[in-house]
Amino acid sequence: MKKLRILFKVLLILLGVVILAVAIVLGWLTATEYKPADVETVAVTAGARHDSVQTGKLYRLATLNVGYAGLGRDEDFFMDGGKGVQPKSEAEVSDNLSELLSALSLQAPDICFLQETDVNSKRSYYQDESDYFARGLSMGSAFAYNYRCAFVPFPWPPIGQVESGITTLNNLEVSEATRESLPVPFSWPLRIANLKRCLLVERLPLKQGNQSLVLVNLHLEAYSSEDGRKAQMQQLFKLMKTEVQNGNYVIAGGDFNQAFPGTLEKYPLPENPYWVPGLLSEEELPDGFRFAFDMSTPTCRALDKPYDGNRTGLVAYVIDGFIVSSNVKVNSVKTIDLNFRNTDHQPVVMEFTLQ
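Residues numbered from 1 in each chain as written. Predicted model: local features only at pLDDT ≥ 70, side-chain atom pairs only at ≥ 80, totals over all residues. Heavy atoms only, no water.

Draft legend 1. Up close: a nonpolar patch on the surface. Residues Leu4, Ile6, Leu7, Val10, Leu11 and Leu14 make up a contiguous nonpolar surface patch of about 570 Å² in total accessible area. Mapping valine 10 onto the fold places it in helix α1 (residues 2–31). Its relative accessible area of 40% is what places valine 10 among the partly exposed residues. (Patch = residues over 30% accessible without salt bridge, like charges linked within 9 Å, V, L, I, M, F, W, Y side chains within 5 Å. Areas by Shrake-Rupley, 256 points an atom, 1.4 Å probe, with all protein chains shown as cover. Salt bridge = Lys/Arg side-chain N within 4 Å of Asp/Glu carboxyl O. Helix = DSSP H or I, 4+ residues; strand = E, 2+ residues; numbered from the N terminus. Buried < 20%, exposed > 50% of the residue type's maximum accessible area, 1.4 Å probe, protein only.)

Here it is as structure tokens:
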């Protein structure tokens, strides 16, 4: 009986220690939670070129979710039904970065929208990926945080420190860049160690007249309810409509985490999918805007398991692309098929002309 009482006391003490540790971690994360302002000015680093934007000239814009260079063919991810938390080695991250840089360089873009570029994260071995792509492509750059947390305490082993976001690279003259916060669909305590998504907005003055080309780089919500996705889209539409009313040209693009119209018919989901994308709809687009995407090949694969290179049975989506205003002529849009070798997404390249 005495031994049972001692055991019971030990268990109570251990339980108390666990509860205290959890309370300390929650308190610390709450006190250090990333709370950006609604709109913040973002520094723009000059590149080798900063040409003036002109009407009638053909430009190339590439968008790619680089998956922090940690979601290549051999990886899965715990949030999508897999088991992986971070890539197996720093060498794997470095190899993925090198190959993704080469793939982007081959496209000779004037503008790049990159998503999930880590700048100081445990999962990518603290490599500054935003700077890596800017230097490697010799382009001007702007970066905005989408995820900033001193310690993400889940799963096990925990994700740890994350500093990550979206990067816009440019060979064109940028007059201003801003980080514009999107609605956060999570409440405390999930909110404190979760993403705080945003729009990275750049304004590029035209050589002729007082108009601007407004570029919006985005990586929208993946794991919230439909209401959370809808709130973010409404804010995006509000910004785009305002800019067009001011006489500007608008291109928004990146990873929408929502399937473009008609693409789920071509790439149907399995009977019980672990992750279901939202749905983009032509009817929801404001007047004067249209989608620009390519459904000839998927832009993203499911991360429930590693990928062996065989498309048979692969769960895939078309969730990366663009929305453009009617004064932007889309000359072409094409998904570059890299067969998901170095990230779970594929580059989408749009050629456009300002009319």
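Let us keep going from here.
Draft legend 2. Structural context of the pairing of strand β18 (residues 348–354). Of all 7 residues that make up β18, 7 are buried, and the element is covered over most of its length. Here β18 shows two buried faces, one formed by Val348, Met350, Phe352 and Leu354 and the other by Val349, Glu351 and Thr353. In terms of strand pairing, strand β3 (residues 58–65) meets β18 through 6 bridges, oriented antiparallel. Paired with threonine 63 across the two strands is valine 348, which belongs to β18. Relative to β18, strand β17 (residues 328–335) runs antiparallel, the two sharing 7 bridges. If you follow lysine 329 over to β18, its bridge partner there is threonine 353. (Pairing = 2+ DSSP bridges.)

Draft legend 3. Geometry of the sheet that holds strand β6 (residues 160–170). Reading across the sheet, the 7 strands line up as β2-β5-β6-β4-β3-β18-β17 and stay open at both edges, with mixed pairing between neighbours. Two strands close off the open sheet at either side, each with one partner strand: β2 (44–45) and β17. Judged from the 5 bridges that link them, β3 and strand β4 (residues 111–118) form a sheet pairing that is parallel. Its bridge partner lying in β4, leucine 64 is registered against leucine 114. Where helix α3 (residues 129–137) meets the sheet, its contacts fall on β4, β5 (140–152) and β6, and the angle it forms with β4 comes to roughly 150 degrees. (Contact = heavy atoms within 4.5 Å. Axes fitted to C-alpha atoms, helices over the stretch in contact; angles between N-to-C directions.)

Draft legend 4. Local environment of the packing of aromatic side chains. On inspection of all chains with the given rule, the structure shows 10 aromatic pairs. Each ring, one from tyrosine 307 and one from phenylalanine 340, has its centre 5.9 Å from the other, and the planes form 80 degrees; the classification is edge-to-face. With tyrosine 307 in the loop between β14 (300–301) and β15 (316–317) and phenylalanine 340 in the loop between β17 and β18, the pair connects residues that are 33 residues apart, well separated along the chain. In terms of burial, tyrosine 307 and phenylalanine 340 fall into one category: buried. One aromatic cluster is present, formed by Phe256, Phe260, Phe291 and Phe293 through successive ring pairs. (Phe/Tyr/Trp six-rings, centres within 6.5 Å; stacked < 30°, edge-to-face > 60°.)

Draft legend 5. Highlighting the pairing of strand β16 (residues 320–325). Burial runs high along β16: 6 of the 6 residues are buried. Across the two faces of β16 the burial is the same, with Asp320, Phe322 and Val324 and Gly321, Ile323 and Ser325 all buried. Of the strand pairs in this sheet, strand β10 (residues 249–255) and β16 are connected by 5 bridges, and their pairing is antiparallel. Across the sheet, residue alanine 252 finds its bridge partner in β16, namely isoleucine 323. Summarising the sheet, strand β13 (residues 289–292) and β16 pair through 4 bridges and their orientation is antiparallel.

Draft legend 6. Spotlight on the side chain of arginine 123. For arginine 123, the position within the fold is in the loop between β4 and α3. Looking at arginine 123, the relative accessible area reads 8%, which means it is buried. Among the polar contacts made by the side chain of arginine 123, one reaches the side chain of aspartate 118 at a distance of 2.9 Å. A polar contact of 3.4 Å, which involves the side chain of arginine 123, links it to the side chain of serine 164. The contacts of arginine 123, once residues within four sequence positions are left out, are Tyr68, Gln86, Pro87, Val93, Glu116, Asp118, Val162 and Ser164. (Polar contact = N/O pair within 3.5 Å; in protein donor to acceptor, adjacent residues only side chain to side chain.)

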